[in-house]
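# Descriptive analysis of the structure
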Amino acid sequence: MSTREFAAVAVDPETGWMPSKSLIGKIVAAQGYNITPQLVSAIAAGLELDRAIVAAAAHLQVIGYTDDELSTGAPAKLIRVIGSNAESDEKAQAVADRWDAEA
């Protein structure tokens, strides 16, 4: 999936807001961008993940977690999802590499 294709399916279901291709490129390239509730919802929709998991990922990336916070709820589930499947990790890395090359 290209950044353009992802931007087209990443739609906040509550507001209809969609991130631009350039915003997706900034996220992939780890450049500066603002995390908003609409962005979290749109990314969750685009990835077909529960919003709480994407919110936990954003929190982990920006703020980090304490060990206690990682024991239950969405943060713990996120950590399990990240480390759950080597094949999906390879696919995810291939997509990230392609997006990196496009950015």
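Residues numbered from 1 in each chain as written. Predicted model: local features only at pLDDT ≥ 70, side-chain atom pairs only at ≥ 80, totals over all residues. Heavy atoms only, no water.

### Regarding helix α3 (residues 37-47)
To keep it simple, the criterion reads: Buried means the residue's accessible area, taken with a 1.4 Å probe over protein chains only, is under 20% of the maximum for its type, while exposed means over 50%, and partly exposed covers the values in between. The way it works is that DSSP assigns letters per residue, a run of H or I at least four long becomes a helix, a run of E at least two long becomes a strand, and they are numbered from the N terminus. Whether two residues are in contact is decided by their heavy atoms, any of which lying within 4.5 Å being enough.
Among all positions in α3, only Leu39, Val40, Ser41, Ala42, Ile43, Ala44 and Gly46 are buried. Turning to α3, the residues buried within the fold contact α1 (3-9), α2 (21-28) and α4 (51-62). Remark: glutamate 48 follows α3 within two positions and exhibits a positive phi of approximately 55°.

### Quick word on the packing of α3 against α4
Rule in force here: Here an axis means a line fitted to C-alpha atoms, over the contact stretch when the element is a helix, while the angle between two N-to-C directions is reported on a 0 to 180 degree scale. Angular relationships are summarised with four words: roughly parallel below 35 degrees, roughly antiparallel beyond 145, roughly perpendicular across 65 to 115, and oblique for the angles in between. Put simply, a crossing is left-handed when the front helix is turned counterclockwise from the back one by less than a right angle, and right-handed when it is turned clockwise. Residues are grouped as follows: Ala, Val, Leu, Ile, Met, Phe, Trp, Tyr, Cys and Pro are nonpolar; Asp, Glu, Lys and Arg are charged; all remaining types, including Gly, are polar.
Packing of α3 against α4 leaves a shortest axis separation of 8 Å and a crossing angle of 120°. Relative to α4, the element α3 lies oblique. The crossing of α3 and α4 is right-handed. On α4, the residues touching Pro37, Val40, Ser41, Ile43 and Ala44 of α3 are Arg51, Val54 and Ala55. Looking at the contact of α3 with α4, its residues break down into six nonpolar, one polar and one charged.

### A look at the nonpolar core
Quick reminder of the rule: What makes a nonpolar core is a set of buried Ala, Val, Leu, Ile, Met, Phe, Trp, Tyr and Cys residues whose side-chain atoms join them at distances within 4.5 Å.
Counting eleven residues, the largest nonpolar core consists of Phe6, Ala7, Ala10, Leu23, Ile24, Leu39, Val40, Ala42, Ile43, Ala44 and Val54. Of all elements in the fold, only α1, α2 and α3 reach the threshold of two or more residues within this core. With five residues, the single largest contributor to this core is α3. Residues contacting valine 40, with those up to four places away along its chain left out, are Ile35, Arg51, Val54 and Ala55.

### A word on a nonpolar patch on the surface
How we decide: The patches reported here contain residues having more than 30% relative accessible area and no salt bridge. Joining distances are 9 Å for like charges and 5 Å for nonpolar side chains (Val, Leu, Ile, Met, Phe, Trp, Tyr). Throughout, the Shrake-Rupley method with a 1.4 Å probe supplies accessible areas, and for residues the shown protein chains are the sole cover considered. A pair is scored as a salt bridge if a Lys or Arg side-chain nitrogen falls within 4 Å of a carboxyl oxygen belonging to Asp or Glu.
A contiguous nonpolar patch, built from Ile35, Val62 and Ile63 and spanning about 290 Å² of accessible area, is present on the exposed surface. Note that valine 62 resides in helix α4.

### A word on the confidence of the model for the protein
What counts is decided by this rule: Values of pLDDT, which run from 0 to 100, indicate the predictor's confidence residue by residue.
Residues at a pLDDT of 70 or more form 74% of the protein, whose mean pLDDT is 80. Here helix α6 (residues 86-102) stands out as the least confident element of the protein, with mean pLDDT 66; α3 is the most confident, with 94.

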